[in-house]
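Here is how the chains run, residue by residue.
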Protein chains: 2
Amino acid sequence: MKTTQWQLPFGATPREDGGTFFRVWAPRAEHVAVRVVTGKSYPLESEVGGYFSGHLPEVAVGDRYLYVIDGAAEFPDPASRFQPMGVHDASQVVDPGVYPWQDQQWHGLPLEEYLIYELHVGTFTTEGTFSAVIPHLDYLLELGVTAVELMPVSQYPGARNWGYDGVFPFAPQNSYGGPDELKQLVDACHARGLAVVLDVVYNHLGPEGNHLSSFGPYFTDRYKTPWGAALNFDGPDSDPVKEFFRQNALYWLNEFHLDALRLDAVDWIYDMSASHFLQELAAEVHRQRVAQGRWTYLFAENDTNDPRLLRPPALGGYGLDAQWCDNFHHALRTLLTRETTGYYEDFGRFEQLVKAYREAFVYTGDYSRYRRKRHGSPATDRPTSQFVVFAQNHDQVGNRTCGDRLSENQPMEKLLLAAATVLLSPYLPLLFMGEEYAERAPFHYFIDHSDPELIEAVRKGKAEEHASGICEGAIPDPAALSTYLDSKINLELRREGEHALVYGFYRQLIELRKRIPAFKVFTREEIEVTSFAEKRCFAVF
Amino acid sequence: MKTTQWQLPFGATPREDGGTFFRVWAPRAEHVAVRVVTGKSYPLESEVGGYFSGHLPEVAVGDRYLYVIDGAAEFPDPASRFQPMGVHDASQVVDPGVYPWQDQQWHGLPLEEYLIYELHVGTFTTEGTFSAVIPHLDYLLELGVTAVELMPVSQYPGARNWGYDGVFPFAPQNSYGGPDELKQLVDACHARGLAVVLDVVYNHLGPEGNHLSSFGPYFTDRYKTPWGAALNFDGPDSDPVKEFFRQNALYWLNEFHLDALRLDAVDWIYDMSASHFLQELAAEVHRQRVAQGRWTYLFAENDTNDPRLLRPPALGGYGLDAQWCDNFHHALRTLLTRETTGYYEDFGRFEQLVKAYREAFVYTGDYSRYRRKRHGSPATDRPTSQFVVFAQNHDQVGNRTCGDRLSENQPMEKLLLAAATVLLSPYLPLLFMGEEYAERAPFHYFIDHSDPELIEAVRKGKAEEHASGICEGAIPDPAALSTYLDSKINLELRREGEHALVYGFYRQLIELRKRIPAFKVFTREEIEVTSFAEKRCFAVF
């Protein structure tokens, strides 16, 4: 891809003529200074709008720094590009222009070609780093997927986390290898024709190491989320908060050459203003997409079955490119497993899978027993390429009390049926790492917080959670190292016995999907799903 | 208008063959009974969905009753049609079919003909009742307005209140005369060709006498409002809550023959589901409108300058018919008065009034200093008949610390200029009672709660409130009878001195508006506003 003109308008920006330019939003502060850990403090100047900034000739790339607010408290940079010592320590000045990108010929993929492989950097390999993923990219090519989706990589507390506890949205996790290694990984993907999707969290921040409130009103108490305070996207001083996260999206797309973002749980992004954050974000990403001549996308995770997210602004929509379709998963899974716990109670009928094939959303205004209310709205005006479907993903495995995969509790023929249902669907398929060879390792929930009270709260919360699947025996301790290590997968398994058989089947399905033109049709008018309910089968034309 | 087939599906419904049918939603209850105050208790039967119902042959019209929940606590009916003894006492069975309506020939008014007169029943006359309004309707005809808008009339605690503390959404205030008198008033309006708009509150309930939570999860703690708990429009068991308020709208339109509802502060109606309460409400009202062949409307008060409310569903809108345009008021008022306190700090420039004339919304994504964020979105795709404009209204007078009207603090020529700016605008004008003859009585904030702590809290809140206007001297005690009595207007003033002059001017302007075809143009393409800023005037073609 081309070098872009975009620059992060805050954080620490090294200048070509030497020194570093700092800019931070701290509307409650009277004075803000930069203190270099190994050196002096430098006062910043106040701008209108609550920003403080200044060019500091003596501060160089690699220097570690903290912001000093009103001469009293010190905090790392909310827009830190790197937290080499973790969330409780100084930020480091990073030169965003120094990485020698080799992907000049890369322009991304058409949306319809996305075939996504979701992976968690920490458990995908023994090493658990960005670099360690690279040697396995040729394997992913062999499998046939076209895009790698990374679970969130923003700096979180400790060395093990799914990523949804991130507190430095701009800093790639230190224990994964930091910003340089992430760039190498993306570059290596692009060199092989693989797109890279990054999971980003714009609905809350993690509970440990979150210092944003010391800088400004990033949060609001007008709304609640299940994970703590809601972000302030529509209250007083919300413009800079919106700007912070909008620039975060642009940062990943431009500075890290990412191809798409997966926006976590957007139904917890509250914005009651006339201009919703997601709509503004999509407009900006699409503007840059056109200007740069490359394919970039915003995928959403959303729980409300609301087609508004996917519709263009001219039809009152937010203009997001696609969304995960949990309804498809639930319809498929409950037919395979007969599970009825948790949100699966709303599923289990054959016609629901047929409806998922026809309309994506199964609940389109129907009463949901689990939710105790009517749920959703039809999205049949949207092309099928706006929906991502899966038989497994990190949540649908990891939120189960045992973290057990389908392969752990289902016979092989059902695994193959699930694979075919997803990979031959008229939607964009997503695989969860290891699924393609029936990996048996669990995917547990794990954390590495340092606050004992917080750890206890997480343990308690997990034990009480009514997850989608309930297993016998004790729930693994989220804070134990072994819980994390047990979740690591072993790609070598694909060569052995039944694993090899499943793997071969996945490869064949993907090859079929790529080869046959019928699988390149995404307009609903051209797709006909005929149900033979008495035989529990259906045909797609 | 024609008799409609619509029936309230809950509450107490007298049967033609005798007795009364009761139905109430109480999903948390095991047993529900009806206790007639002067007689026996009768158990209801449990239905699916948390409703309890039963036909009680011995209960007749006029009987007073309470619901007994699980044999323990007694509460009046959430859907009570009448609370003869106020909010803390029994409900009364009312026969909705007994009133002898005389308005069979009435079919409502086209939206474009609305010229609204907002009045508060309690302070419009000495008596402060629905009936007492009737003798003055000929005066309103003489003035030339086409619609009467009543501030909320749902039963509130005590005998004096603006109406926004209502706790029985279906019961017309007892001290105003209850349901029969309200029907007489509406009938009398229709007999004179006047439409009737009712202000209804679907964003919260009042703080005293609110027993809804004893019946079911009407409220949620997911969101906050400035006036207490938010209504549960999207959480578990929200369908019956939506149904309760949707039926409330239909109740007023059908059982009371009302022509339009003014939905109070809809920006505090939280519904994050794929199908917003307002969209569902508008769809149902419009369905009935077509089926019944009469003109009914939903007006909204909304603070977010969001055209989504007014757009049709096909364009992603909620499909409401019109909304109050506070921006127009603020632009006009600040030019007249030079006020800069509170939200007036965002206004005061001549071009803003020109923009209000051109676009209705002045803030269309611009930064608002008062709100400390960008605000609003353009609504220029909407016809001008979707906006209600005013130089005064109950809030813009009553929320001032002194409750002083424009006539109290501005010279006559400015009053006349304000009148012309509103009445000759391409929008739907609204007058606040007394404005038309420069009434000098204040419109104070008043309450008549019985809980001393609550009274103290209201006093304190009012004293601390940063209202739009600040006056010298002490703030009148909201709980004092004199504060209420001082707010009563005296229509006889219109015959005297300067009052008569102002009144004549209003009549002329209204006559002009009705006579000249140019004032019947509401499509923006046909309206051109030319600004001569240096002369501080503009022309509308």
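Calculation criteria
- Residues numbered from 1 in each chain as written.
- Chains lettered and ligands numbered in written order.
- Predicted model: local features only at pLDDT ≥ 70, side-chain atom pairs only at ≥ 80, totals over all residues.
- Heavy atoms only, no water.
- Least-squares fit on C-alpha atoms with pLDDT ≥ 70 in both.
- Contact = heavy atoms within 4.5 Å.
- Buried area = accessible area lost by both parts, 1.4 Å probe.
- Salt bridge = Lys/Arg side-chain N within 4 Å of Asp/Glu carboxyl O.
- Polar contact = N/O pair within 3.5 Å; in protein donor to acceptor, adjacent residues only side chain to side chain.
- Nonpolar A, V, L, I, M, F, W, Y, C, P; charged D, E, K, R; others polar.
- Pairing = 2+ DSSP bridges.
- Helix = DSSP H or I, 4+ residues; strand = E, 2+ residues; numbered from the N terminus.
- Axes fitted to C-alpha atoms, helices over the stretch in contact; angles between N-to-C directions.
- Expected span 1.5 Å × (residues − 1).
- Buried < 20%, exposed > 50% of the residue type's maximum accessible area, 1.4 Å probe, protein only.

With that settled, the discussion passes to the relation of the copies chain A and chain B. Note on the copies: chain A fits chain B at an RMSD of 0.0 Å, the axial shift is 0.0 Å, and the rotation between them is 180°. Such a combination of turn and shift is consistent with a two-fold rotation axis. The overlap is high: 100% of the interface residues of chain A also sit at the interface in chain B, so the same surface is used on both sides.

Quick look at the interface of chain A and chain B now. Counting residues at the interface gives 36 residues for chain A, matched by 36 residues for chain B. Overall, the association of chain A and chain B removes approximately 2,800 Å² of surface from exposure, summing both partners, and the carbon and sulfur fraction of that is 40%. The interface formed by chain A and chain B contains eight salt bridges. Along the contact surface separating chain A from chain B lie 17 residue pairs in polar contact (both at pLDDT 80 or more). Counted by class, the side of chain A that touches chain B contains eleven nonpolar, nine polar and 16 charged residues.

Residues and elements named next belong to chain B. As paired strands, strand S24 (residues 529-532) and strand S25 (residues 537-540) are joined by four bridges and run antiparallel to one another. Across the sheet, valine 529 pairs through a bridge with valine 540, a residue of S25. Between S24 and S25, which follow one another and run antiparallel, lie four residues, and arginine 536 among them has a positive phi close to 55°.

Moving on: the sheet that holds strand S19 (residues 322-324) of chain A. Residue and element names in this part refer to chain A. An order of S10-S11-S14-S17-S18-S19-S22-S23 is seen for the eight strands of this closed barrel, with the pairing classed as parallel. Taken pair by pair, the neighbouring strands of this sheet meet at an average axis angle of 30°, ignoring direction. Across two bridges, S19 lies against strand S22 (residues 387-390) in parallel orientation. Note that in S22 the partner of tryptophan 324 across the bridge is valine 388.

Think of an α-helix as 3.6 residues a turn; residues three or four steps apart then line up on the same face. All names here are of chain A. Over its twelve residues, helix H8 (residues 326-337) extends 16 Å from the first C-alpha to the last, a length consistent with the 16 Å expected when each residue adds 1.5 Å. Of the residues making up H8, those classed as buried are Asn327, Phe328, His329, His330, Ala331, Leu332, Arg333, Thr334, Leu335, Leu336 and Thr337. Phi turns positive, to about 65°, at arginine 338, one or two residues after H8.

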